[in-house]
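Chain residues, written in single-letter form:
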Amino acid sequence: METFADGFGRRFRYLRVSVTEVCNFRCVYCLPNGYQKSGPRSFMTPLEIERLGRVFSARGVRKFRLTGGEPTVRRDLAEIIGRLSDLSNVDKVALTTNGWNLARNIATWADAGLTHLNVSVDSLEPAVFAKITGHDRLAAVLEGVDRALTLGLAGVKLNAVLQRDSVGTGFDRFAEYVRERPVAVRFIELMRTGDNAGFFQDQHVPGERLVTWLTARGWTPKARAGDDGPAIEYVHPDHRGRLGLIAPYAPGFCDGCNRLRVTAAGKLRLCLFGQDGVDLRDLLQNGDSAALEARIESALALKPRGHRLAEDRFGDTRNLAQLGG
Ligand code: SAM
Ligand code: SF4
Ligand code: SF4
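A brief structural summary.

Parameters and conventions
Residues numbered from 1 in each chain as written. Chains lettered and ligands numbered in written order. Predicted model: local features only at pLDDT ≥ 70, side-chain atom pairs only at ≥ 80, totals over all residues. Heavy atoms only, no water. Phe/Tyr/Trp six-rings, centres within 6.5 Å; stacked < 30°, edge-to-face > 60°. Helix = DSSP H or I, 4+ residues; strand = E, 2+ residues; numbered from the N terminus. Buried < 20%, exposed > 50% of the residue type's maximum accessible area, 1.4 Å probe, protein only. Pairing = 2+ DSSP bridges. Contact = heavy atoms within 4.5 Å. Axes fitted to C-alpha atoms, helices over the stretch in contact; angles between N-to-C directions. Parallel < 35°, antiparallel > 145°, perpendicular 65-115°, else oblique. Left-handed = near helix turned anticlockwise from the far one by under 90°. Nonpolar A, V, L, I, M, F, W, Y, C, P; charged D, E, K, R; others polar. Near = heavy atom within 4 Å.

Here we look at the packing of aromatic side chains
Here comes step 1: Using the criterion set out here, one finds seven aromatic pairs in the structure.
Here comes step 2: Their ring planes at 45 degrees and their centres at 6.2 Å tell us that Y29 and F199 sit as a pair that is tilted. You can see Y29 sitting in the loop between β1 (14-20) and α1 (46-58) and its partner F199 sitting in helix α7 (residues 197-203), a full 170 residues away along the chain.
Here comes step 3: We classify Y29 as buried; its relative accessible area is 14%.

Written out as structure tokens, the structure reads:
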């Protein structure tokens, strides 16, 4: 069967599945007041996620990423990982987490079939980390990362949102962190959402600031493989790990878009900065996979070419916790 594709000929082999909108952190650029429940909530069950995964994997998706909100607040996370990893043709099951309970649970998740892990760590300074996330937990998060490294997962990465305050000393610390650790730290340029206008104005810096810093210190861009995502990673002979950049404001960022998202409530979201989404929930609940496939297929024809952040348009995205960033 053919891989899902959109009207611009882009093929989709990667699906991000949000498993919850709930989060226990209060990152200043995302949920500065913490997660606020708005109305009754009902997130996809493990069985619904498996049904979703079955249809997507039959149409060429090889990699699933579980995200949120904070996916690890779900007690059935290991079951969800296991159901996706058991699907035929699936070779990667990844997780993006803030790392609060990583040290305790990573072995269980790895046993269930987790292959790749991204942990969000915006600063390696405990006080700055606490200020950004609302939780004084940096040491526990880093302990979890080190535990993951000992388990031999295929990929362990750190995500750091690029903020004006991290330029300089913040970069030095991450470079030191990857001197002996075989970890990629990827800085993500801060994106404007409905809720973060003030913070964005104060803290957004273009990705070139990092590139200038790296180049001046002898870091060079790594050759890219065909299935690489949007990150450009840099290597240095004195460092085992890598530093990288994801720059959504760079021209052409969306040209190679290879990702689709499904929200925790079961809506197919065609673009991170789009509007609403196509509701799949009824079909996930009744298990009609032929109808599910047909609905996804016809929705894909409507996928936009790219975001319009440069025009300060970010769709109805209030924050990334709402959709899974
Ligand atoms: N709670 C998990 C975490 O923080 O890793 C998963 C969900 S979170 C929305 C996914 C990623 O989006 C995190 O790395 C986070 O730092 C990033 N993020 C959230 N809001 C962002 C924004 N406005 N601009 C850039 N990255 C953002
Ligand atoms: Fe929660 Fe992740 Fe958003 Fe931070 S970035 S508030 S951890 S969802
Ligand atoms: Fe794809 Fe939209 Fe992200 Fe661009 S902003 S890479 S089109 S999901």
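Describing the sheet that holds β1
Pairing between sheet strands relies on hydrogen bonds along the backbone, with the strands arranged either parallel or antiparallel.
Here comes step 1: The 12 strands are arranged β7-β8-β9-β6-β5-β4-β3-β2-β1-β10-β11-β12 in an open sheet whose pairing can be described as mixed. Both edges of this open sheet fall to β7 (220-221) and β12 (278-279), since each of them pairs with a single strand only.
Here comes step 2: The sheet contacts of helix α6 (residues 169-180) involve β5 (155-162), β6 (184-189) and β9 (239-246), and relative to β9 the element is tilted by about 135 degrees.

Points about the packing of helix α3 (residues 102-112) against helix α5 (residues 138-150)
When two helices pack together, you describe them by how their axes are tilted relative to each other and by the distance separating the axes.
Here comes step 1: Running from N to C, α3 and α5 point in directions that differ by 25 degrees, and their axes come no closer than 8 Å. In terms of orientation, α3 and α5 fall into the roughly parallel class. Remark: the crossing between α3 and α5 carries right-handed chirality. For the pair α3 and α5, contact is made by L102, A103 and I106 and by V141, E143, G144, V145, R147 and A148, respectively.
Here comes step 2: Considered class by class, the residues forming the contact of α3 with α5 number six nonpolar, one polar and two charged.

Comments concerning the site of ligand 2
Here comes step 1: In the neighbourhood of ligand 2, the contacting residues comprise C23, F25, C27, C30, L31, G69, N98 and A321.
Here comes step 2: Of the residues in the shell around ligand 2, the class split is six nonpolar, two polar and no charged.

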